[in-house]
Amino acid sequence: MATPTDTADIKTMSFEAALKELETIVDRLEKGDVELEASILIYERGEALRAHCDGLLRQAEARVEKITLNQNGEPTGAEPLDVED
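Worth saying up front: this structure is predicted, and the values here are computed from it rather than measured.

## A word on the overall build of the chain
- Helix and strand content of the chain: two helices and two strands.
- Listing the helices and strands of the chain from first to last along the sequence gives α-α-β-β.
- Taken over 85 residues, the chain has a buried fraction of 19%.

Spelled out as structure tokens, the structure:
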């Protein structure tokens, strides 16, 4: 995991890497064994990771298409999936 002050660019992280680091941060904060200043720094990084993961999920949802079927149940094409905000 990157250190709280690490300048690693979160924007280039894969969803899986960002989620794994976020889970590690949450675990550390839940244990309560992090000093106050360090906890603030890793919380801020965790929030940036959460926002990045959320953005990647929204992008993936926008790319998902649902298959349209005719009356016989045969595929006729695809249309964008309606995603509620």
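## Re the side chain of Arg45
- Relative to the assigned elements, Arg45 resides in helix H2 (residues 36-63).
- Residue classification places Arg45 among the buried residues on the basis of a relative accessible area of 7%.
- Polar contacts involving the side chain of Arg45 include one to the side chain of Glu21, which spans 2.4 Å.

## Re H2
- For H2, spanning 28 residues, the distance from its first C-alpha to its last is 41 Å, which sits close to the expected 40 Å at 1.5 Å a residue.
- Among all positions in H2, only Ser39, Ile42, Arg45, Gly46, Leu49, His52 and Cys53 are buried.
- Against the buried residues of H2 lie helix H1 (15-31).

## Some remarks on the side chain of Ser39
- Looking at the element boundaries, Ser39 is found in helix H2.
- With sequence-adjacent residues up to four places away left out, Ser39 is seen in contact with Leu29 and Val34.

What counts and how
- Residues numbered from 1 in each chain as written.
- Predicted model: local features only at pLDDT ≥ 70, side-chain atom pairs only at ≥ 80, totals over all residues.
- Heavy atoms only, no water.
- Helix = DSSP H or I, 4+ residues; strand = E, 2+ residues; numbered from the N terminus.
- Buried < 20%, exposed > 50% of the residue type's maximum accessible area, 1.4 Å probe, protein only.
- Polar contact = N/O pair within 3.5 Å; in protein donor to acceptor, adjacent residues only side chain to side chain.
- Expected span 1.5 Å × (residues − 1).
- Contact = heavy atoms within 4.5 Å.

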